[in-house]
Amino acid sequence: MQQMMRPERTVPTMSDDNILVKKIVAEHSPDGLEYDVKPLLRLVEDILRYATLNTDHVSTGALTTVDHANDKDHHPSYYALMESLAHRIVDRISCEISYKALGGADAHTTTVAIFDKLTNYKWDVKLVLTLAAFALNYGEFWLLAHIHSTNQLAKSMAILKQLPGIMEHAGPLKPRFDALNDLIRVIMEVTKCVIEFNSLPQSYITPDVLAYTTASAHIPIASYWSIRGIVACATQITSLTTMGYELMLSTTEAWELSTLAHKLKTILDHLKTHLGSCFRYIEKRIDDEAYDMLVELFRMPHIDNIRVLKALIYAKDDLPPLYDGYSKKRFGLEVLRRKNVLLLISSLDFSHEELLILEQIYNESRVHANKLENRYELVWIPVVDRLSSEQMTEQQERQFEKLRDTMPWYSVNHPSLISKAVVRFIRTEWKYKNKPSLVVLDPQGMVACPNAIHMMWIWGSSSREEALWREEAWRLELPVDGIDTEILNWIRDGKYIVMYGGDDYIWARNFVREARRVAQTARVPLEMVYVGKSIKKQQVRRVLNNISQDKLNTHSWQEQSMIWFFWTRLESMPFSKIQLQQADDHDLVMQEIKKLLSYDKMGGWMILAKGSHIFFGEGNS
């Protein structure tokens, strides 16, 4: 009897796969109907999860307990699916497995017989139906184990199936149940992978794609070995209930289960690799389509800006995508309808100086909102590098929330609302290169200015950039306007003014003392201001500290943000001119700005003005 019950234990190698599945593939002829097998798989998964010996507590024969709080209601879709799949097929497969196991048939013969009954179904349906057939017997076995101590009917049936003896010898059976559980888990993973493959959107991937073709070739092999693994698991349970635990103590059967699990894990790794390639291919196709849609959208005229904003900021009707930093509340895109919208685009590396100055400009524009040029809404668009569209590190999350809560204007509620296609559009079409930029959209959603950040630093929130440049001349107000009212007062009073910079305190101290001596000798009213350097913040801070400690007779900006703003405004001026296509070699204003910027690369420098008029400048290398 034991010889009849022991099927052939030989496990074929990978080189035998093509031979084993050739007949199955040749007869595979699905009827073309679509079946959503996920509800049935969830039902099977519940059975297999709860119908398991807890191998961590085998000394007591403890069973996995059911957490009723997590029970799922059995949705009508379960019954509809079973009806559509002709639920008797599950019973027939279950009987086929049990009959052949009792008859001593080898695993390959049983597997082929199961495939013969499932010829008309797709690969994922074949797998789920076979799993359901196994779960029917496996679940019954462990259901009796769960309740036999409290239910007389179950107790009598459990004795017939030799369950008390099995529970009593649960410890020695641990390797067998470990191997059984491991094989069941990998079969479930393979099944889910096959379902995912069959669910790939055909509109975005075609059979001529290499990853798709390769995965398609692996599906029959994965299906064969998964069902063969199910047969092996079912045979173990059948042997256990018919001949007792003594047979199960043999290490041969555990070795067979482990070998099948190892083989299926290798197949699963291959499937996941190819499936991952398919997902990346589909994601790129979807991103390309979304990108092309954005490009076309910005070429079309619109009644208002809502359609454009929805394309840029992913928005569900039940999920307001904007966060107001002032009120700390969320809002929908409707608050931006038919308004001038300034999109502040940046990474999370937003400097304190940038944020402080931008906030001052924004608050000033709110005070003077009655002017047409100041009527706009500002929205922060965070561009975050992350593993996927949904994943951010904890540090990134904290950094984002801190920045968002600091800003008094609107922000996108989370960077995940900005898709990869939108980031690509921002980088490609709006030339974003990881430095803060400010895209201006008019009330119809069209781009009025691809980057107004330079205009913002120079002229504040004024939209008259081109006109203001035409009216501008090289004068001291240009580099210092909006930074220090004290200097503007000196200019109005017509005083002599020396502006100097660098990071060498010895040079600065000697220069100030000599300039004061000359001015005193000439009896000239002289004011001096130290403006630091665009880089080397620590060195500049040391210079400022020394000026304060030595009580050097000079004006200086103790707030680092003022120094940053001074140099940022200067650096923004050439970009502003270039963007307006006004920069040329004969532009006196640009020549002087570039000269002043060149001084910043030197050890020390100075310019001399009387009132507005700058009439001397020199750099000291």
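Counting from 1, residues in each chain are numbered in the order their sequence is written. Whole-chain, interface and lining totals are the exception, using all residues; otherwise, since this is a predicted model, local features are given only for residues with pLDDT of at least 70 and side-chain atom pairs are given and counted only at 80 or more. Heavy atoms throughout the structure, all of them, feed into the side-chain values; hydrogens and water do not.

The protein goes by Protein SIEVE ELEMENT OCCLUSION B in an unreviewed UniProt entry, where it is assigned to Senna tora.

1. What to know about the packing of helix α15 (residues 352–367) against helix α24 (residues 560–579)
Quick reminder of the rule: To obtain an axis, a line is fitted to C-alpha atoms, over the contacting stretch when the element is a helix, and the angle between two such axes runs from 0 to 180 degrees between their N-to-C directions. Helical segments are the DSSP runs of H or I of at least four residues, strand segments are the runs of E of at least two, and each set is numbered from the N terminus. Note on terminology: angles under 35 degrees are roughly parallel, angles over 145 are roughly antiparallel, angles of 65 to 115 are roughly perpendicular, and the others are oblique. Two residues qualify as a contact provided that any one of their heavy atoms is within 4.5 Å of a heavy atom in the partner residue. Amino acid classes used here: Ala, Val, Leu, Ile, Met, Phe, Trp, Tyr, Cys and Pro are nonpolar; Asp, Glu, Lys and Arg are charged; the rest, including Gly, are polar.
Two numbers describe how α15 lies on α24: the axes approach to 9 Å, and their chain directions differ by 80°. Compared by their axis directions, α15 and α24 come out roughly perpendicular. Contacts between α15 and α24 involve E353, E354, L356, I357 and I361 from the former and Q560, S561, W564 and F565 from the latter. Split into classes, the residues belonging to the contact of α15 with α24 amount to five nonpolar, two polar and two charged.

2. Section: the environment of G325
When you line up the elements, G325 lands in the loop between β1 (322–324) and β2 (329–331). Sequence separation of G325 and Y410 is 85 residues, and the distance between their C-alpha atoms is 6.0 Å.

3. Looking at unusual backbone geometry
What counts, and what does not: A 1.4 Å probe rolled over the protein chains alone gives each residue an accessible area, and that area as a share of the maximum for its type sets the label: buried under 20%, exposed over 50%, partly exposed in between.
Of note, the phi angle at K328 is positive, near 60°, even though the residue is not glycine. Along the chain, K328 turns up in the loop between β1 and β2. You will see that R523, though not glycine, has its phi angle at about 55°, which is positive. Position of R523 among the secondary structure elements: in the loop between α22 (505–522) and β9 (526–530). Taking relative accessible area as the criterion, R523 reaches 78% and is therefore assigned exposed.

4. Overview of the environment of V498
Counting through the fold element by element, V498 comes out in strand β8 (residues 496–502). Residue classification places V498 among the buried positions, given a relative accessible area of 4%. Separated by 112 residues in the primary sequence, V498 and K610 have C-alpha atoms spaced 8.9 Å apart. Apart from the residues within four sequence positions on either side, V498 is in contact with F511, L526, E527, M528, V529, M606, I607 and L608.

5. Observations regarding the pairing of strand β12 (residues 613–620)
To keep it simple, the criterion reads: Think of it this way: DSSP has to see at least two bridges between two strands before they count as a pair.
Where strand β11 (residues 604–610) meets β12, seven bridges bridge the pair, whose relative direction is antiparallel. Considered in β12, the bridge of A609 is made with I614. Hairpin connection of β11 to β12: two residues between the antiparallel strands, including G611 at a positive phi of 65°.

6. Section: α22
An α-helical turn contains 3.6 residues, so a residue and the one three or four places further along point in the same direction. How we decide: Here, expected helix span is obtained from the residue count minus one, scaled by 1.5 Å.
For α22, built from 18 residues, the straight-helix expectation of 26 Å at 1.5 Å per residue is met to within 8% by its first-to-last C-alpha distance of 25 Å. Of the surrounding elements, those touching the buried residues of α22 are β8, β9, α23 (537–549), β11 and β12. Backbone geometry just downstream of α22 places R523 in the positive-phi region, at approximately 55°.

7. Description of the sheet that holds β8
Judged by pairing direction, the sheet is mixed, and its five strands sit side by side in the order β10-β9-β8-β11-β12 without closing on themselves. Each having just a single partner strand, β10 (555–556) and β12 make up the two edges of the open sheet. Bridging between β8 and β11 involves seven bridges; their strand directions are antiparallel. The residue bridging V498 from the neighbouring strand is L608, located in β11.

8. As for the nonpolar core
Soluble globular proteins tend to pack their nonpolar side chains together in the buried interior. Rules: Among the buried residues, those of types Ala, Val, Leu, Ile, Met, Phe, Trp, Tyr and Cys that are joined through side-chain atoms within 4.5 Å form a nonpolar core. Segmentation of the chain into domains, including their bounds, is taken from an automatic or database domain assignment.
Within the largest apolar cluster, 80 residues are counted, with the highest numbers of intra-cluster contacts made by Y500 and I593. Counting residues domain by domain, this core receives three or more from each of domain 2 (305–385 + 392–451) and domain 3 (469–620). With residues near it in sequence (within four places) discarded, I593 still touches W469, W474, L478, L570, M573 and P574.

9. Brief notes about the pattern of salt bridges
Basically, it comes down to this: We define a salt bridge as a side-chain nitrogen of Lys or Arg found within 4 Å of a carboxyl oxygen belonging to Asp or Glu.
If you walk through the whole model with that rule in mind, you get 21 salt bridges. The partner of D116 in a salt bridge is K23, and the shortest N-O contact between them spans 3.1 Å. Here the residue D116 occupies a position in helix α6 (residues 107–117), and K23 occupies one in helix α2 (residues 17–27), the gap between them amounting to 93 residues. In this structure D116 comes out as partly exposed when scored by relative accessible area, which is 39%. Owing to a relative accessible area of 39%, K23 belongs among the partly exposed residues under this scheme. Residues participating in the shared-partner salt-bridge network are K23, E27 and D116.

10. Observations regarding the pairing of strand β4 (residues 377–382)
It is a general feature of regular strands that their side chains alternate between the two faces of the sheet. In terms of burial, β4 is a largely internal element, six of the six residues being buried. Summarising the sheet, β4 and strand β5 (residues 410–412) pair through two bridges and their orientation is parallel. Looking at the pairing, W380 lines up with S411 of β5.

11. Side note on the sheet that holds β5
Across the sheet, seven strands lie side by side as β2-β1-β5-β4-β3-β6-β7; this open sheet has mixed pairing. Looking at the sheet topology across the chains shown, the edges are occupied by β2 and β7 (447–449). Neighbour-to-neighbour, the strand axes of this sheet turn through a mean angle of 35°, independent of strand direction. Taken strand by strand, helix α16 (residues 394–406) contacts β1, β4 and β5, and its axis lies near 175° from that of β4.

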